[in-house]
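For reference, the chains in residue letters:
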Amino acid sequence: MAKILGIIGGGQLGMMITEAAKKMPEEISEIIVLDPTENCPASQVGATQIIGDFKDKDAIIELANKSDIITYEIESGDSDVLKSVESKSEINPSPETLKIIQDKFLQKSFLLENGILVPEFIEINDIEDIKSGIKKFGLPAMLKARRDAYDGRGNFKINSESDVQKAYDYFKGQPLLLEKFVPFSMEVSVIASRNTHGQIKTYPLVENIHEDNILRETIAPARVSEIITKKAELIAEKTMTVLKGAGIFGIEMFVTVDDNIVINEIAPRVHNSGHHTLQSSETSQFEQHLRAILGLELGSTKLICNSIMYNILGSEEFTGEYNPLKISESGVFLKMYGKKISKPMRKLGHINIIGENGESIDTLLEILQRIKPKTVVKPSK
Ligand code: ATP
Ligand code: MG
């Protein structure tokens, strides 16, 4: 019988999960999202919305009462509350997996214990720990919030000893960890899926370009040697085997200057660097996520053609309503998230540039350069 799907978070990821779910009427009869913003992106594409905070216990209980199966688009949900509602609704990925992943210190400790390389790190309890960490790792070093970080907002790069106090104060007493700075040659990621029966499939390695700590561009496949691709995919498979959760996981990695791979972090959810799969792959990451949590056979992760995903970010210049974007180019797919208000660097949409006729990545990069001006968001009068 078709199930009612609950999603914690109805932003762009919840929206694209909803769109995929609507195409599976035999498996999913209704989608309910929990999100604090009225008329959230997912509700605009057919999800019923419960208006409430992601951490609101009563709202989560209401969602669990109404749903057969719950998943999430954000990792900041309260895993203990989720655990307490497991008797009302199945939850994937499991609250246990979420609890490990949502705390960067626990996550990195877990990976290390399982023999998976991560940058060196230590737990920070006071400012003295930072000073001794810097002695150990050298400078620069990355001070990070253990929880609730996104788009780099939970990071402070310490470049000199005189930054230590500023860095410590920036986090206002939040639990922290310090990491050795990795001088990487490239940032890459693997979108990996595991279904409730333990079947695992990974998507081909992609390359990620960040600007001001926010993902700007993903290039699929990553422009690295086959050896690195293979190494990254093996690490992703091993990670999925030890993690045990069901769903899509976005595994962010650094390729080091000596061609090793370390995991930066894992997101227990569909991931921005997997948006290209909407047009480039045999199965989109959103459909795959649903297949995984519902215990269906996983779809093919084959990349059909080269592709580039480019995020449309709110202009630094203004906050407010904006003019709709129009891009009509063959092979270019614009997806806007229906957010009414633009804010500096807010993720408002993305474009996928798809090499439908066998175009090379260099050709797709040229197309991106040409159409970039069309992706600039301007205020509406
Ligand atoms: P997201 O953008 O994925 O939401 P986040 O806020 O959780 O990220 P991280 O992924 O930890 O933050 O870091 C953001 C970016 O900062 C990374 O993509 C990378 O460019 C840089 N970075 C983080 N940790 C390190 C490190 N140890 N060494 C070098 N660069 C790092
Ligand atoms: Mg990250």
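Since this is a predicted model, take the numbers as computed values, not measurements. (Residues numbered from 1 in each chain as written. Chains lettered and ligands numbered in written order. Predicted model: local features only at pLDDT ≥ 70, side-chain atom pairs only at ≥ 80, totals over all residues. Heavy atoms only, no water.)

Draft legend 1. Expanded view of the pattern of salt bridges. Applying the stated criterion across every chain yields a total of 20 salt bridges. In this structure, the salt-bridge partner of lysine 99 is aspartate 80, at a minimum N-O distance of 2.9 Å. Taken together, the residues span a long stretch of sequence, with lysine 99 in helix α4 (residues 95-101) and aspartate 80 in helix α3 (residues 79-84) at a distance of 19 residues. Among the ionic pairs, lysine 104 bridges to glutamate 265, the shortest N-O distance being 3.6 Å. With lysine 104 in helix α5 (residues 104-113) and glutamate 265 in strand β15 (residues 261-267), the pair connects residues that are 161 residues apart, well separated along the chain. By relative accessible area, glutamate 265 is classed as buried at 19%. (Salt bridge = Lys/Arg side-chain N within 4 Å of Asp/Glu carboxyl O. Helix = DSSP H or I, 4+ residues; strand = E, 2+ residues; numbered from the N terminus. Buried < 20%, exposed > 50% of the residue type's maximum accessible area, 1.4 Å probe, protein only.)

Draft legend 2. Highlighting the domain arrangement of the chain. Domain annotation of the chain identifies domain 1 (3-91), domain 2 (120-180) and domain 3 (184-375). Placing a centre on the C-alpha atoms of domain 1 and another on those of domain 3 gives a separation of 23 Å. For the pair domain 1 and domain 3, the two sides together bury roughly 1800 Å², of which 72% comes from carbon and sulfur. In this assembly, domain 1 and domain 3 are joined by 2 salt bridges. Between arginine 269 and glutamate 75 there is a salt bridge; the shortest N-O distance is 2.6 Å. Sorting the residues of the side of domain 1 that touches domain 3 by element identifies β1 (3-8), α1 (12-22) and β4 (69-72) as the ones contributing at least two each. Among the elements that take part in the side of domain 1 that touches domain 3, α1 stands out by supplying 8 residues, more than any other. Of the residues contributing to the side of domain 1 that touches domain 3, the split by class is 13 nonpolar, 3 polar and 6 charged. (Domains from an automatic or database assignment. Buried area = accessible area lost by both parts, 1.4 Å probe. Nonpolar A, V, L, I, M, F, W, Y, C, P; charged D, E, K, R; others polar.)

Draft legend 3. Main features of the side chain of glutamate 179. With respect to the helices, strands and loops of the structure, glutamate 179 is situated in strand β9 (residues 176-180). A polar side-chain atom of glutamate 179 sits 3.3 Å from a polar atom in the side chain of lysine 144. Not counting residues up to four positions away in its chain, the partners in contact with glutamate 179 are Lys108, Pro119, Glu120, Phe121, Phe137, Ala141, Met142, Lys144 and Asn264. (Polar contact = N/O pair within 3.5 Å; in protein donor to acceptor, adjacent residues only side chain to side chain. Contact = heavy atoms within 4.5 Å.)

Draft legend 4. Spatial organisation of the coordination of the magnesium ion (ligand 2). Every protein donor of the magnesium ion (ligand 2) is listed here as Glu252 (OE) and Glu265 (OE), and their distances to the metal cover 2.0 to 2.2 Å. On the criterion of sequence distance, the pair formed by glutamate 252 in strand β14 (residues 247-256) and glutamate 265 in strand β15 is long-range, its members being 13 residues apart. (Donors = N, O, S within 2.8 Å, 3.2 Å for Na, K, Ca; no water.)

Draft legend 5. Just the pairing of strand β10 (residues 184-194), in detail. Burial within β10 is extensive, with 9 of its 11 residues counted as buried. Both β10 and β14 contribute to a ladder of 10 bridges, which runs antiparallel. The residue of β14 that forms the bridge with methionine 186 is valine 255. Alignment of β10 against strand β12 (residues 206-211), held across 3 bridges, turns out to be antiparallel. Across the sheet, residue glutamate 187 finds its bridge partner in β12, namely asparagine 208. (Pairing = 2+ DSSP bridges.)

Draft legend 6. How the structure looks around the site of ligand 1. Inspection of the region around ligand 1 gives 21 residues, with Lys104, Lys144, Gly152, Glu187 and Glu265 positioned closest. One nitrogen or oxygen atom from the side chain of glutamate 187 is found 2.6 Å from an oxygen atom belonging to ligand 1. Contact distances for ligand 1 include 3.0 Å between an oxygen atom and a side-chain N or O atom of glutamate 252. Its free accessible area being 610 Å², ligand 1 has 93% of it covered by the protein chains. Going through the elements one at a time, β7 (141-145), β9, β10, β14 and β15 are the ones with two or more residues in the shell around ligand 1. Of the residues belonging to the shell around ligand 1, the class tally is 7 nonpolar, 5 polar and 9 charged. Summarising the domain contributions, the shell around ligand 1 has at least three residues from each of domain 2 (120-180) and domain 3 (184-375). (Near = heavy atom within 4 Å. Areas by Shrake-Rupley, 256 points an atom, 1.4 Å probe, with all protein chains shown as cover.)

Draft legend 7. Fine view of the sheet that holds strand β3 (residues 48-51). Spatially, β3-β2-β1-β4-β5 is the arrangement adopted by the 5 strands of the open sheet, whose pairing is parallel. A strand with exactly one partner marks an edge of an open sheet, and here the two such strands are β3 and β5 (90-91). Pairing of β1 with β4, which is carried by 4 bridges, proceeds in the parallel orientation. Paired with glycine 6 across the two strands is isoleucine 70, which belongs to β4. Its contacts with the sheet put helix α2 (residues 57-66) on β1, β2 (28-35), β3 and β4, and the angle it makes with β2 is roughly 180 degrees. (Axes fitted to C-alpha atoms, helices over the stretch in contact; angles between N-to-C directions.)

Draft legend 8. Quick peek at helix α10 (residues 285-294). With 8 of 10 residues buried, α10 lies mostly within the body of the structure. Restricting attention to buried positions, one finds in α10 the residues Gln285, Phe286, Gln288, His289, Leu290, Ala292, Ile293 and Leu294. Once α10 finishes, glycine 295 follows within two positions and takes phi at roughly 80 degrees, a positive value.

Draft legend 9. Spotlight on the packing of aromatic side chains. Taken as a whole and assessed by the stated rule, the structure comprises 4 aromatic pairs. Measuring from ring centre to ring centre gives 5.7 Å for phenylalanine 105 and phenylalanine 121, while their planes differ by 75 degrees; the resulting arrangement is edge-to-face. One end of the pair, phenylalanine 105, is in helix α5; the other, phenylalanine 121, is in strand β6 (residues 121-124), and 16 residues separate them in sequence. Take phenylalanine 105: its relative accessible area is 16%, and that puts it in the buried class. A relative accessible area of 14% means that phenylalanine 121 is categorised as buried. An aromatic cluster of at least three residues, connected via ring pairs, comprises Phe156, Tyr170 and Phe171. (Phe/Tyr/Trp six-rings, centres within 6.5 Å; stacked < 30°, edge-to-face > 60°.)

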